[in-house]
Amino acid sequence: MPLLVLNHFYLIVCFPQTLLSEKVGQMMEWASKRSIIKLNGDKFRRFVKAPPRNYSVVIMFTALQPQRQCGVCRQADEEFHILANSWRYSSAFTNKVFFASVDFDEGSDVFQMLSMNSAPTFLHFPAKGKQRKTDNYELQVRGFAAEQLARWVADRTDVHIRVIRPPNYAGPLLLGFLLAVIGGLAYLRRHNLEFLFNKNVWAFSALCFVLIMTSGQMWNHIRGPPYAHKNPNTGQVSYIHGSSQAQFVAETHIVLLFNGAVTMGMVLLCEAATSDMDIGKRKILCVAGIGLVMLFFSWLLSIFRAKYHGYPYRYVCKHLFII
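Calculation rules
Residues numbered from 1 in each chain as written. Predicted model: local features only at pLDDT ≥ 70, side-chain atom pairs only at ≥ 80, totals over all residues. Heavy atoms only, no water. UniProt positions renumbered as here; feature names shortened; annotations may be inferred. Helix = DSSP H or I, 4+ residues; strand = E, 2+ residues; numbered from the N terminus. Disulfide = S-S within 2.5 Å. Buried < 20%, exposed > 50% of the residue type's maximum accessible area, 1.4 Å probe, protein only. Axes fitted to C-alpha atoms, helices over the stretch in contact; angles between N-to-C directions. Parallel < 35°, antiparallel > 145°, perpendicular 65-115°, else oblique. Left-handed = near helix turned anticlockwise from the far one by under 90°. Contact = heavy atoms within 4.5 Å. Nonpolar A, V, L, I, M, F, W, Y, C, P; charged D, E, K, R; others polar. Salt bridge = Lys/Arg side-chain N within 4 Å of Asp/Glu carboxyl O. Pairing = 2+ DSSP bridges. Polar contact = N/O pair within 3.5 Å; in protein donor to acceptor, adjacent residues only side chain to side chain.

What follows deals with the UniProt feature "transmembrane region" (unreviewed entry) in the protein chain. UniProt records the feature "transmembrane region" (unreviewed entry) at residues 169-188, 200-219, 254-272 and 284-304, using the numbering of this structure. Between the end C-alpha atoms of residues 284-304 the distance is 30 Å, and the span holds 100% helix and 0% strand.

Let's shift gears to the state of the cysteines. By the definition in use, this model includes one disulfide. Cys70 shares a disulfide with Cys73; S-S distance 2.1 Å. Across the S-S bond of Cys70 and Cys73 the torsion is about 70°, and the bridge reads as right-handed. Of the two residues, Cys70 and Cys73, both sit in the buried class.

This paragraph deals with the packing of helix H9 (residues 199-214) against helix H11 (residues 249-274). Following both chains from N to C, one finds H9 and H11 inclined at 140°, their axes separated by 9 Å at the closest point. Here H9 lies oblique to H11, going by the angle between them. H11 is crossed by H9, and the crossing has right-handed handedness. Residues Leu207, Leu211, Ile212 and Thr214 of H9 pack against Leu256, Asn259, Gly260 and Thr263 of H11. Considering only residue class, the contact of H9 with H11 consists of four nonpolar, four polar and no charged.

Summed over the entire model, instances satisfying the criterion amount to seven salt bridges. The closest approach of N and O atoms between Asp42 and Arg45, which form a salt bridge, is 3.2 Å. Here Arg45 and Asp42 lie together in helix H3 (residues 41-49), a separation of three residues that amounts to about one turn. For the salt bridge of Arg165 with Glu147, the shortest nitrogen-to-oxygen distance reads 2.9 Å. On the criterion of sequence distance, the pair formed by Arg165 in the loop between helix H7 (146-157) and helix H8 (170-188) and Glu147 in helix H7 is long-range, its members being 18 residues apart. Overall, the relative accessible area of 38% leaves Arg165 in the partly exposed class. The class for Glu147 is partly exposed, based on a relative accessible area of 29%. Here the salt bridges share partners, and the residues they tie into one network are Asp42, Arg45 and Asp109.

To continue, consider the sheet that holds strand E2 (residues 56-62). With mixed pairing, four strands are arranged side by side in an open sheet as E1-E3-E2-E4. With partners counted over all chains shown, the strands left at the sheet margins are strand E1 (36-38) and strand E4 (121-125), one partner each. Between one strand axis and the next, the sheet turns through 30° on average, direction left out of account. Sheet topology places E2 next to strand E3 (residues 97-103); seven bridges connect them, and they run parallel. Note that in E3 the partner of Ile59 across the bridge is Ala100. Across the sheet, H3 is in contact with E1, E2 and E4; its angle to E2 comes to roughly 155°. Contacts from helix H4 (residues 71-88) reach E1, E2, E3 and E4 within the one sheet, and its direction differs from that of E3 by about 160°.

Attention now moves to the side chain of Arg53. In this structure, Arg53 sits in the loop between H3 and E2. A distance of 2.8 Å separates a polar side-chain atom of Arg53 from the backbone oxygen of Tyr55. Among the polar contacts listed, one links the side chain of Arg53 to the backbone oxygen of Pro126, at a separation of 3.0 Å. Those residues in contact with Arg53 that sit more than four places away from it in its chain are Leu20, Lys23, Phe47, Val48, Phe125, Pro126 and Ala127.

The next point concerns the pairing of E4. In terms of residue burial, E4 counts as a mostly covered element, since five of its five residues are buried. Because side chains alternate across E4, one face comprises the buried residues Thr121, Leu123 and Phe125, and the other comprises Phe122 and His124, equally buried. Across five bridges, the pairing between E2 and E4 is antiparallel. Bridging across to E4, Phe61 finds its partner in Thr121.

In this fold, Pro166 is placed in the loop between H7 and H8. Along the primary structure Pro166 and Ser86 are separated by 80 residues, whereas in three dimensions their C-alpha atoms are 10.0 Å apart.

Let us now look at the environment of Tyr239. Tracing the chain through its elements places Tyr239 in the loop between strand E6 (237-238) and H11. Among the residues examined, Tyr239 registers a relative accessible area of 33% and is labelled partly exposed. Distance in space between the C-alpha atoms of Tyr239 and Pro226 is 9.8 Å, their sequence separation being 13 residues.

Following this line, the structure appears as structure tokens:
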């Protein structure tokens with residue numbers, strides 16, 4: 001048995017409190033330098049798995065190297081850093097909880113030890129007792145927004161972290177630009193503001209708002225789900241979440257497009273029925289409208305079937321190629 005292992009075993013048996021103090025001191029030193037402690041296989045086994053330990057560790061298992069092409073990992077890493085920084089620079093910071101990460105290329109043995117085959121994954125290693133099912137964060141259901149992670153950490157550790165995000169001026173700048181454009185147009189046409197009373201303008205604006213809301217954009221804003229999911233084993237990318245309790249950002253874009261196409265088909269049908277155009281053009285509008293409604297409604301139904309397993313009905317198309 002190597003001398004280092006013997007010394008470690010001797011410390012555990014004879015001086016557990018001394019070893020615990022050393023481990024806590026080392027973790028505090030690392031946390032003072034960076035809010036997320038980087039662990040490899042040796043550090044993971046010594047500071048997380050091996051006793052004694054009176055602190056919890058929240059670990060993100062990830063794959064950030066460019067060759068892994070894990071865009072979701074980079075997005076989750078940004079949110080995890082926001083959470084860890086909010087805790088590290090909080091006045092309530094203690095040695096009760098530490099945040100750490102294990103990259104696949106630096107700790108593949110840890111992934112193998114835990115039988116883990118996907119990234120990113122968040123696990124909580126409690127200070128006492130064995131891990132429970134709830135110590136595995138449900139990423140696909142809750143998303144990886146820092147606020148959602150903070151709620152999960154509070155449930156598992158009783159440590160409440162107030163998430164403080166760095167200032168983001170993109171939203172106010174975009175709103176200011178939009179208001180400036182609207183104000184500029186109103187000024188240029190200040191002698192003719194009839195367009196403000198145009199029912200088509202207001203109908204189009206209302207329709208855009210309804211499509212955005214019904215596609216799930218508000219859910220994305222609250223939950224912060226990944227854009228899509230790439231299977232690390234097969235490399236296949238899924239744009240539609242397989243559960244009715246969650247969704248991807250790409251999924252909302254797809255639903256928005258399909259709802260918009262169905263709406264356009266209905267508009268064309270109404271135009272064909274009420275327009276004063278010649279009969280030939282009205283037939284073209286009618287055929288185009290029916291085609292849009294049938295095709296895109298069928299694809300919407302395919303998405304519904306994929307998320308609500310066992311749904312027996314379909315229309316035109318059985319499966320959607322992007323699912």
